[in-house]
Every structure is written in C-alpha cells, then in structure tokens.
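Given next are the chains, with one letter for each unit.
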Amino acid sequence: MDIEAKYRMASLYVGDLHADVTEDLLFKKFSAAGPVLSIRICRDVVTRRSLGYAYVNFLKLADAQKALDTMNFDMMKGKSIRLMWSQRDAHLRKSGVGNVFIKNLDKSIDNKILHEHFSAFGKILSSKVMSDDQGSKGYGFVHFQNQSAADRAIEEMNGKLFKDCRVFVGRFKNRKDREAELRSKASSAFTNVYIKNFGDHMDDERLKEVFSKYGNTLSVKVMTDSSGKSKGFGFVSFDSHEAAKKAVEEMNGKAINGQPIFVGRAQKKGERQAELKQMFEQMKKERIRGRQGVKLYIKNLDDTIDDEKLRKEFSSFGSISRVKVMQEEGQSKGFGLVCFSSSEEATKAMAEMNGRILGSKALNIALAQRH
DNA sequence: CATGAGCGT
C-alpha cells in the first residue's frame, strides 16, 4: 500500500472548528489517542483564515478509531468539534441517503446524547444538534451510513418520547425540496385571497360584493392607513379552497376602478419576504454581472503559468476583461483570476477547464466571491 | 416552529 492510501485510511475530518483553533492545539489534543502523522487546518488561500475544518492523520487506523469514539463533540475554544472519517467522495456526503432530521428535541439533549441514542439504529457518519449561544435550538441531524439504518431510526423514534419531548424523526429534505413542498401544500389548500391595485375607492362592503359570487366569505378586509383611506390592497377569506381558487382564476387581471387588479393566494409574511428577498438578490446579481462580468477564481496553478499563458488558455471561451496570476516576489502564488464579460462564457470556461492539467497540475476553478 | 455542513497533501 502506498503512503497516501495509508493516510487516507487513518484520516479524520474535524469540522465545526472555532476559527482560533491552531494546528498545535489539534496536535496536542489528538496525540492523546496515538501518534499523529500530520495535521492540516484548511484555510482561505487569500486571507489564511481557518475555514473551520481540518484533517488529522494518524499513523494507525486503530488510533483514529479511538479518537473518533472518544473525542467526538469535545469542546475546543468553546465550540463542539465534529469528527468524521475523511470522505473525499462528495457524492457520498451530499446525496442525502441515510440522512435524518429530528425536531422537538428536549433542550437538555446535546450532541453526545443524540449520537449515543441514535447509534442504536446503525452506523452514523455524522450527527449534530443545532445550537447557538443560548444552547440547543431543539432540532438536529443524524446522517447514517445506510438508508436502512435511517429507516429503522424513523420507524422506531418518530413520535416517541425522547427525554421529555415527543420528537419528530423523518428523512432530511434539503432547502429547495422543502420550500417546493411547502409551496405546493399551501397552494393546494389556500382559502385566503390577497387582492391589490384596486386604488383608493374601495371599502369592505364593496370588496365583499365583488368576491361573494365565488363562495361564502368568512372575512373581507380592505387595509387602510391611520386616516381610514384605502391602501389599495386587502384580503378575502373564503370558507372553501374551491371558492378561493375560483376567485383567483376569474378575478386576477380584471379591471376594477379602471385598472387591472392582482388577485392571488395570500402568503404569510415570512413567505412573501423570502420571495422578495430572492427576487431582489437575483436582480442584484444580474446588475453586477451586466456591469463587471463574471470572475473565475483559478486555484492549484502550476508555477510556470503566468498572466499571458493563463489568458491564452481561456481566450477561446469568450472575451476576457482581466487576467491575473497572484505573485509574491516574482513567484506565482498558485492561484489567480480570469474575468469574462458574460456568465455564459464563464460557465463554459468552468465546465471545460475545471480539472484540466496545465503544466503538471489540475486546475481547480470556482466563481470568485463578490463583496 | 425547526430540514447543517460539506473534504487536503
């Protein structure tokens, strides 16, 4: 077996690290489990700030196992560290297979208790109780190695008492899936309708008249300012989803007081705010893109690559407004920037060039962070 | 009420 393979076998990933945790501190801590070959805290290439995770490579597999069994969730600089086997295959970590979400956790349940309890159902890759400076946030995650273990945990624990709380245990859903699910649930059952753009000359009475033909209304409200003047929008709550749906279908875009009104499902404040925020951010992104193009951040550059060579390699993908290989005392720092005038060009360049060997090293390309 | 983070020499 080559050295690298040996490293991988006895290599632990250490996550959730406080930014002030040093290699030295990690070395001292993990040496208690057995001889440590090397430690690496991953840092931002530019700022050298800790990215909050590290690798600890043990000489012996058994020592790594011992560290995993005895040191997971230990506190360092006031933060609970999270240990996993180093797993470089991103797919295995991100597919969501075996990942379980738990809510309504008793506040007294911490990382160690959660891990201990759920390990009865199978091997755990990673687990965590979400917390802030006030302590547990009452929910967390257990990522099992197999879906079958996750299914057992859900089957055995969902709806059961865990300490003093009845917990929900279910499959983990990522944010996108969850939002889509919530939206579809809301839109398939809504009874409350939001109406806007009907101007100043509207009151509850008249709004009720307009919308009553779609069904029984439970409440009708034109929102007003402090002087009692209409703010141009309001709500009609129906007693059935069918009536609300029909009102939206037939009234949206119809003219009232000479202008087309908007009629749609009434959203909760948070939902509306999230939607606006997303729209705003999308617009901002497009504005910035239009003005200054898209920057690609090129890492793992061979020392022999300079500005001119880098430009030449990327020039076929579109118009490049700027190229820069970062240098120190005339020596490449191994990373740089290429700025394209459109996102299409940048995307194409990234797709084609990521992993491409230049000189003796494989390029690592990412979108540069804006600030 | 609640759906992380995220992998190098």
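Per an unreviewed UniProt entry, chain A goes by Poly(A) binding protein cytoplasmic 4 like and derives from Sciurus vulgaris. For the record of chain A, the UniProt heading Sequence similarities (unreviewed entry) holds the text "Belongs to the polyadenylate-binding protein type-1 family."

**Remarks on the packing of aromatic side chains**
Tallying each qualifying case throughout the model produces 18 aromatic pairs. Between Phe-118 and Phe-162 the ring centres are 6.2 Å apart and the planes differ by 70°, which places this aromatic pair in the edge-to-face class. Within this pair, whereas Phe-118 is found in helix H5 (residues 111-118), its partner Phe-162 is found in strand S10 (residues 161-162), the two being separated by 44 residues in sequence. By the burial criterion, Phe-118 is buried, and Phe-162 matches it. Ring pairing ties together the aromatic residues Phe-101, Tyr-139, Phe-141, Phe-168 and Phe-172, which thus form one cluster. Cation over ring: Lys-103 sits above Phe-168, and NZ or CZ is 5.0 Å from the ring centre.

**A short note on the sheet that holds strand S6 (residues 82-85)**
Here we have 4 strands laid out as an open sheet, ordered S2-S3-S1-S6, and antiparallel in their pairing. Strand pairing shows two members of the sheet lacking a second neighbour, strand S2 (36-43) and S6, which therefore form its edges. Here the average twist between neighbouring strands, direction ignored, is 25°. Pairing between strand S1 (residues 11-15) and strand S3 (residues 50-58): 4 bridges, direction antiparallel. Bridge assignment links Tyr-13 to a residue of S3, and that residue is Tyr-55. Those strands touched by helix H2 (residues 23-30) are S1, S2, S3 and S6, and its axis lies near 145° from that of S2. Packed on one face of the sheet, helix H3 (residues 61-71) meets S1, S3 and S6 and runs near 145° to S6.

**Here's the deal with the protein's contact with DNA strand B**
Every one of the 30 residues lining DNA strand B counts as a neighbour, but Arg-40, Tyr-55, Arg-88, Arg-93 and Arg-178 are closest to it. Each atom of DNA strand B within 4 Å of the protein was assigned to sugar, phosphate or base; sugar and phosphate come to 39%. A distance of 2.7 Å separates a base oxygen of DNA strand B from a polar atom in the side chain of Ser-11. Asn-57 places a side-chain nitrogen or oxygen 2.7 Å from a base nitrogen of DNA strand B. Among the elements that take part in the surface near DNA strand B, strand S9 (residues 135-144) stands out by supplying 4 residues, more than any other.

**Structural notes on the pattern of salt bridges**
This model, assessed by the stated rule, comprises 10 salt bridges. Across the pair Glu-23 and Arg-43 runs a salt bridge, and its minimum N-O distance is 3.2 Å. Taken together, the positions of Glu-23 in helix H2 and Arg-43 in strand S2 put the pair 20 residues apart, joining distant regions of the chain. One salt bridge in this structure joins Lys-173 and Glu-181, with 3.3 Å as the shortest N-O distance. For Glu-181, a relative accessible area of 30% corresponds to the partly exposed category. When salt bridges that share partners are traced, they join Asp-16, Arg-82 and Lys-128 into one network.

**Thoughts on the sheet that holds strand S19 (residues 294-299)**
With antiparallel pairing, the 4 strands of this open sheet are ordered in space as S20-S21-S19-S24. Of all the strands in the sheet, the pair left with one neighbour each is strand S20 (320-328) and strand S24 (364-367). Pairs of neighbouring strands in the sheet enclose a mean axial angle of 20°, with direction left out of account. In terms of strand pairing, S19 meets S24 through 4 bridges, oriented antiparallel. Residue pairing for S24: Ile-298 is matched across the bridge by Ile-365. Where helix H11 (residues 307-314) meets the sheet, it contacts S19, S20, strand S21 (331-340) and S24, and its direction lies at approximately 140° from that of S20.

**Focus: the environment of Ser-230**
Within the fold, Ser-230 resides in strand S15 (residues 230-238). When its relative accessible area of 6% is taken as the criterion, Ser-230 is described as buried. Linking Ser-230 and Asp-203, residues 27 residues apart in sequence, is a C-alpha distance of 7.3 Å. Apart from the residues within four sequence positions on either side, Ser-230 is in contact with Phe-198, Gly-199, Asp-200, Met-202, Val-222, Met-223 and Thr-224. Here the side chain of Ser-230 touches Gly-199 through a polar contact of 3.0 Å, landing on its backbone oxygen. Only 2.8 Å separates the side chain of Ser-230 from the backbone nitrogen of Gly-232, close enough to count as a polar contact.

Rules behind the numbers
- Residues numbered from 1 in each chain as written.
- Chains lettered and ligands numbered in written order.
- Predicted model: local features only at pLDDT ≥ 70, side-chain atom pairs only at ≥ 80, totals over all residues.
- Heavy atoms only, no water.
- UniProt positions renumbered as here; feature names shortened; annotations may be inferred.
- Phe/Tyr/Trp six-rings, centres within 6.5 Å; stacked < 30°, edge-to-face > 60°.
- Helix = DSSP H or I, 4+ residues; strand = E, 2+ residues; numbered from the N terminus.
- Buried < 20%, exposed > 50% of the residue type's maximum accessible area, 1.4 Å probe, protein only.
- Lys NZ or Arg CZ within 6 Å of the ring centre and 35° of its normal.
- Pairing = 2+ DSSP bridges.
- Axes fitted to C-alpha atoms, helices over the stretch in contact; angles between N-to-C directions.
- Contact = heavy atoms within 4.5 Å.
- Near = heavy atom within 4 Å.
- Polar contact = N/O pair within 3.5 Å; in protein donor to acceptor, adjacent residues only side chain to side chain.
- Salt bridge = Lys/Arg side-chain N within 4 Å of Asp/Glu carboxyl O.

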